Amino acid sequence: PQPAAQQPQPQPQPQQPPLVHRPATDTTHATVRTMDFPFLALLVSGGHCQLIQCLGVGHYVILGGTLDDSLGEAFDKVARLLGLPVGGGRGGPAVEALARQGRCDAINLPIPLRHRKTMDFSYAGLKTAVRKAAEGLAEQHDASSIDQLPTNVKADIAASFQHAALQ
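None of the values given here were measured: they were computed from a predicted structure.

J.: Sorry, what's going on with the confidence of the model for the protein here?
T.: Should the pLDDT be low somewhere, the predicted coordinates at that spot are not to be read in detail. Chain-level statistics for the protein give a pLDDT mean of 82 and a share of 78% at 70 or above. Low pLDDT, under 50, characterises residues 15–21; the stretch is placed with 14 contacts to residues that sit more than four places away or in other chains.

Below, the structure written as structure tokens:
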């Protein structure tokens, strides 16, 4: 009797990122900046984040993504918490401008997912830690609300948040 032919094992297929503009953006960067494939792309938007291995035009592997709140959402919520102008959901520039006046080591905040062996992103816990720290500082400074804190204290909150979020 003839031995049965072995079936080839299926190989994991690269995933196509769900938004159409991603491949175009990644390919444009590769073309314009003369980057060679493969390369690693970090997509950060107001709605989500992804870490993508770009193997070639149309061939992508998503290595990690947002589990809950995205980085953009976290910046927007921290900006609102600090009473900063967030026109059109643009908290990032407002937090960054304030953070330049503060100390990034002023408040000890957790680094999201630091001890996990994944490449995913999570900012919900960090936002909660920022809110709790800000509430404690408002109490310490006898401020009626967080947005009534002195500018230097709010700058320290912004700088500490930005430092933790980008680790």
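J.: Sorry if this is basic, but what is going on with the nonpolar core here?
T.: A general trend in soluble globular proteins is that nonpolar side chains are found buried together. If you look at the biggest cluster of nonpolar residues, it comprises 35 residues, and the most contacted ones within it are L82, V95, L109, L126, L149, I157 and F161. Tallying contributions element by element places helix 5 (residues 151–165) first for this core, with 8 residues. Discounting chain neighbours no more than four positions away, the residues touching L109 are L126, A129, V130, S160, F161 and A164. Membership of the second largest hydrophobic core comes to 5 residues, among which are F39, A41, I52 and C54.

J.: Sorry, what's going on with helix 4 (residues 124–140) here?
T.: Since the α-helix packs 3.6 residues into each turn, any two residues three or four apart lie on the same face. Between the first and last C-alpha of helix 4 there are 25 Å, a value that for 17 residues agrees with the 24 Å anticipated at 1.5 Å per step. All of the buried residues in helix 4 are L126, K127, A129, V130, A134, L137 and A138. On its buried face, helix 4 sits against helix 2 (71–81) and helix 5. Looking one or two places after helix 4, you find D142, whose phi comes out positive at around 50°.

J.: Before we go on, may I ask you to explain the environment of D120 in this structure?
T.: Relative to the helices and strands, D120 resides in the loop between helix 3 (91–99) and helix 4. Measuring from C-alpha to C-alpha, the distance between D120 and L67 comes to 6.6 Å, with 53 residues separating the pair along the chain. For D120, the residues in contact, after removing those within four places along its chain, are G64, G65, L67 and L113. For D120, the side chain forms a polar contact with the main-chain nitrogen of G65, separated by 2.9 Å.

Conventions we followed
- Residues numbered from 1 in each chain as written.
- Predicted model: local features only at pLDDT ≥ 70, side-chain atom pairs only at ≥ 80, totals over all residues.
- Heavy atoms only, no water.
- pLDDT = per-residue confidence, 0-100.
- Contact = heavy atoms within 4.5 Å.
- Core = buried A, V, L, I, M, F, W, Y, C linked by side-chain atoms within 4.5 Å.
- Buried < 20%, exposed > 50% of the residue type's maximum accessible area, 1.4 Å probe, protein only.
- Helix = DSSP H or I, 4+ residues; strand = E, 2+ residues; numbered from the N terminus.
- Expected span 1.5 Å × (residues − 1).
- Polar contact = N/O pair within 3.5 Å; in protein donor to acceptor, adjacent residues only side chain to side chain.

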